[in-house]
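Commentary on secondary and tertiary structure
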Amino acid sequence: MHRPLTITGARKINTAGRGSEGYLAGVRAGLPFALVEGLVAISFGALASSLGWGVLAPIVFSVTTFSPAAQFAVAAVLGAGGGVFAAIAAAVLLNARFLPMGMGVAPFLEGGPLRRALEGQTILTPSWALASRSGGRFDRAFMIGATLPQYVAWTAGTVVGVLADFGVGDVERLGLDVIFPAFFLALLMRELRSGGKLTIASAAIAAALAGALVPIAPPGVPVLAACGAALLGLKGRSS
Amino acid sequence: MSPLWVAIVAVTLANAAIKAAGPILAGGRELPPRVNAVIALLTPALLTALVVTETFGGDGHLVLDERALGVGVAAVAVALRAPVLLAVVLAALVTALARLLG
């Protein structure tokens, strides 16, 4: 969809080229995902309606949290009659991946701790992946730009889903649930092509860890535990 | 406050804190090369884990279904140097077709 533009990587380079092009390119790259997330948001709104959440709660949830995985997890746990703490725990586990993601992006954000914390709020899995450049660098403006249309679509989609009752099954019927794994796989293949042996090894270990943990660990844990594969970086020079 | 609102407020706050933690902890200073090497490998590790869990993850077990077919087609497309967007659309199409016929 895009090749890495100029690498606005390390901060020194980044501050030198602070045009709006990075943001705009990010917005364009984020649009296809915004479309998908809009559809997923409609199904979230419909699901929340069917659970009797009313109009305000699902919309507030989308505006303040903006996390499809966490919101669906809360709906799934509460919907199945689970407790509020189980629902919160599931959402936190699913979103714990933002911790390593945030650490990866951190050196490329701007300003002091408060500013970086605010910029960190724009971390979304697709934006983060879109903004990743080879060698662990990140394009900050690209990430912020890519998040913008997705946020708008997620919020608007939730409103539509709550107000008009669509079928929850439509997302699966249209095959939209594979869009994210397919996208992540495409980015992974790019990483593997440009990376060295350690990149391939850490991906292989992560696959094994995630696959082994899916049957035995609660949702969110396999992805988090698989991040441990990155500790291979301690063993030698990264590619 | 109803359990639903407790969950909404708690998840919102936790989510914001998690997203803020990385940038506060790891930004603004040069990290040791070894730490940078680990962070660089986080990308492939995370991407792989997301692909595995979202393609094969079922309700508490691994499943092989139409999703694997769609994602597999995307992999072939990317290997043949197709644009990412095309690969993603193909994945959805193939999955939807397989479900329709299956």
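Residues numbered from 1 in each chain as written. Chains lettered and ligands numbered in written order. Predicted model: local features only at pLDDT ≥ 70, side-chain atom pairs only at ≥ 80, totals over all residues.

**With respect to the overall build of chain A**
The test is simple: Per the convention used, a helix needs a DSSP run of H or I reaching at least four residues, while a strand needs a run of E reaching at least two, with both numbered from the N terminus. Buried residues are those with 20 or more other C-beta atoms within 10 Å of their own C-beta, exposed residues have 12 or fewer, and partly exposed residues lie in between; C-beta atoms are placed from the backbone. C-beta atoms are placed from the backbone for every residue, and two residues are taken to be in contact when these atoms lie within 7 Å.
Across its full length, chain A holds 13 helices and 2 strands. By the burial criterion, 55% of the 239 residues in chain A qualify as buried. Long-range contacts, defined here as pairs at least 24 residues apart, represent 72% of the contacts in chain A between residues at least 6 apart.

**With respect to the nonpolar core**
The condition that has to hold: Residues enter a nonpolar core if they are buried, belong to Ala, Val, Leu, Ile, Met, Phe, Trp, Tyr or Cys, and are joined to the set through C-beta atoms within 7 Å. The start and end points of each domain follow an automatic or database-based domain assignment.
Counting 111 residues, the largest nonpolar core has Ala182(A), Ala45(B), Ala74(B) and Ala91(B) as its most contacted members. With 14 residues, the top contributor of residues to this core is helix α2 (residues 33–56) of chain B. Inspection of this core shows a minimum of three residues originating in each of domain 1 (11–176) and domain 2 (195–239) of chain A. Discounting chain neighbours no more than four positions away, the residues touching Ala74(B) are Ala182(A), Leu185(A), Ala186(A), Ala87(B), Val88(B), Leu90(B) and Ala91(B).

**Concerning the packing of helix α2 (residues 21–50) of chain A against helix α9 (residues 140–163) of chain A**
Residue and element names in this part refer to chain A. Counted only if it meets this: Axes here mean lines fitted to C-alpha atoms, for a helix over just the part in contact, with angles spanning 0 to 180 degrees between N-to-C directions. When describing relative orientation, an angle under 35 degrees is termed roughly parallel and one over 145 degrees roughly antiparallel, while 65 to 115 degrees is termed roughly perpendicular and anything else oblique. Rotating anticlockwise by less than a right angle from the far helix to the near helix defines a left-handed crossing, while the corresponding clockwise rotation defines a right-handed one. Ten residue types, Ala, Val, Leu, Ile, Met, Phe, Trp, Tyr, Cys and Pro, are classed as nonpolar, four, Asp, Glu, Lys and Arg, as charged, and the remainder, Gly among them, as polar.
Packing of α2 against α9 leaves a shortest axis separation of 6 Å and a crossing angle of 25°. Comparing the axis directions of α2 and α9 gives the class roughly parallel. Handedness of the crossing formed by α2 with α9: right-handed. Residues of the contact of α2 with α9, tallied by class, amount to 29 nonpolar, 13 polar and 1 charged.

**Comments concerning the interface of chain B and chain A**
Each partner contributes residues to the interface: chain B has 67 residues there, and chain A has 84 residues. Elements represented by at least two residues in the side of chain B that touches chain A include exactly α1 (3–26), α2, α3 (66–79) and α4 (84–101) of chain B. Examining the composition of the side of chain B that touches chain A, we find that 22 residues originate from one element, α2(B), more than from any other. Residues that form the side of chain B that touches chain A fall into these classes: 47 nonpolar, 15 polar and 5 charged.

**Details of the domain arrangement of chain A**
Residues and elements named next belong to chain A. The domain architecture assigned to chain A consists of domain 1 (11–176) and domain 2 (195–239). Each partner contributes to the interface: domain 1 provides 7 residues, whereas domain 2 provides 7 residues. In terms of residue count, helix α5 (residues 84–95) provides more of the side of domain 1 that touches domain 2 than any other element does, 3 residues in total. By residue class, the composition of the side of domain 1 that touches domain 2 is 6 nonpolar, no polar and 1 charged.

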